[in-house]
Amino acid sequence: MKNKLGEIVKFLYESNLIEEEPGGIALRDAVLAWEYIIGKRDLKIADILSTHRILLQNLDKNIAGVIRNVPVYIGNRTGANPASILYKLDTLIKIIPQN
């Protein structure tokens, strides 16, 4: 179990590097968010938003736990239309295993 936790922390650390958030606080919040969401059964949109709130609580409180209402860009790609995000989250929750 300890080895698996180490792999998860390494994954989260590397993910934070991709997001250019290498600090210890960001890693701690990522681990807290992981621990919160991994134990959820019957996932709901509120759980996803709570996870987002935990992830961003120390990085950007203005957007933490909030569904965005502006477009985002990833490289030269545009993210999902903000008006469609609730629908997409609801669809995702319906198709992923709930156990």
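Shown above is the structure to which this text applies.
Predicted model, so just to flag it, every value in this text is computed and none were measured.

Thoughts on the packing of helix H2 (residues 24-38) against helix H3 (residues 45-56)
Each packed pair of helices is defined by two parameters, the angle between the axes and the distance between the axes.
Logical step 1: The geometry of H2 relative to H3 is characterised by a closest axis approach of 8 Å and an angle of 160° between their N-to-C directions. As summarised for this structure, H2 and H3 are arranged roughly antiparallel, according to the angle between their axes. When you trace H2 past H3, the crossing you get is right-handed. Facing H2, whose interface residues are Asp 29, Ala 30, Leu 32, Ala 33, Tyr 36 and Ile 37, H3 presents Asp 47, Ile 48, Ser 50, Thr 51, Ile 54 and Leu 55.

Here we look at the nonpolar core
Logical step 1: Counting 5 residues, the largest nonpolar core is built from Ile 8, Leu 12, Leu 27, Ala 30 and Val 31.
Logical step 2: Of all the secondary-structure elements, those providing two or more residues to this core are helix H1 (2-18) and H2.
Logical step 3: Here this core gets 3 residues from one element, more than from any other, and that element is H2.

A short note on a nonpolar patch on the surface
Logical step 1: A contiguous nonpolar patch, built from Leu 92, Ile 95 and Ile 96 and spanning about 260 Å² of accessible area, is present on the exposed surface.
Logical step 2: You can see Ile 96 is positioned in the segment after helix H4 (85-95).
Logical step 3: By relative accessible area, Ile 96 is classed as partly exposed at 30%.

What to know about the environment of Lys 10
Logical step 1: Turning to its location among the elements, Lys 10 is positioned in helix H1.
Logical step 2: Here the alpha-carbon distance between Lys 10 and Lys 94, two residues 84 residues apart in the chain, equals 29 Å.

A few points about the environment of Leu 43
Logical step 1: Locating Leu 43 in the fold gives a position in the loop between H2 and H3.
Logical step 2: Note on Leu 43: relative accessible area 16%, which makes it buried.
Logical step 3: Leu 43 sits 50 residues away from Ile 93 along the chain, and the two C-alpha atoms are 6.5 Å apart.

Some remarks on unusual backbone geometry
Note: most residues except glycine have negative phi, and most peptide bonds are trans.
Logical step 1: Notably, Glu 20 is not glycine yet its phi reads approximately 60°, a positive angle.
Logical step 2: When you line up the elements, Glu 20 lands in the loop between H1 and H2.
Logical step 3: Residue Glu 20 is classed as exposed on the basis of its relative accessible area, which comes to 65%.
Logical step 4: Even without being glycine, Asp 42 reaches a positive phi, approximately 55°.
Logical step 5: Here Asp 42 is to be found in the loop between H2 and H3.

Each value, and the rule that gives it
- Residues numbered from 1 in each chain as written.
- Predicted model: local features only at pLDDT ≥ 70, side-chain atom pairs only at ≥ 80, totals over all residues.
- Heavy atoms only, no water.
- Axes fitted to C-alpha atoms, helices over the stretch in contact; angles between N-to-C directions.
- Helix = DSSP H or I, 4+ residues; strand = E, 2+ residues; numbered from the N terminus.
- Parallel < 35°, antiparallel > 145°, perpendicular 65-115°, else oblique.
- Left-handed = near helix turned anticlockwise from the far one by under 90°.
- Contact = heavy atoms within 4.5 Å.
- Core = buried A, V, L, I, M, F, W, Y, C linked by side-chain atoms within 4.5 Å.
- Buried < 20%, exposed > 50% of the residue type's maximum accessible area, 1.4 Å probe, protein only.
- Patch = residues over 30% accessible without salt bridge, like charges linked within 9 Å, V, L, I, M, F, W, Y side chains within 5 Å.
- Areas by Shrake-Rupley, 256 points an atom, 1.4 Å probe, with all protein chains shown as cover.
- Salt bridge = Lys/Arg side-chain N within 4 Å of Asp/Glu carboxyl O.

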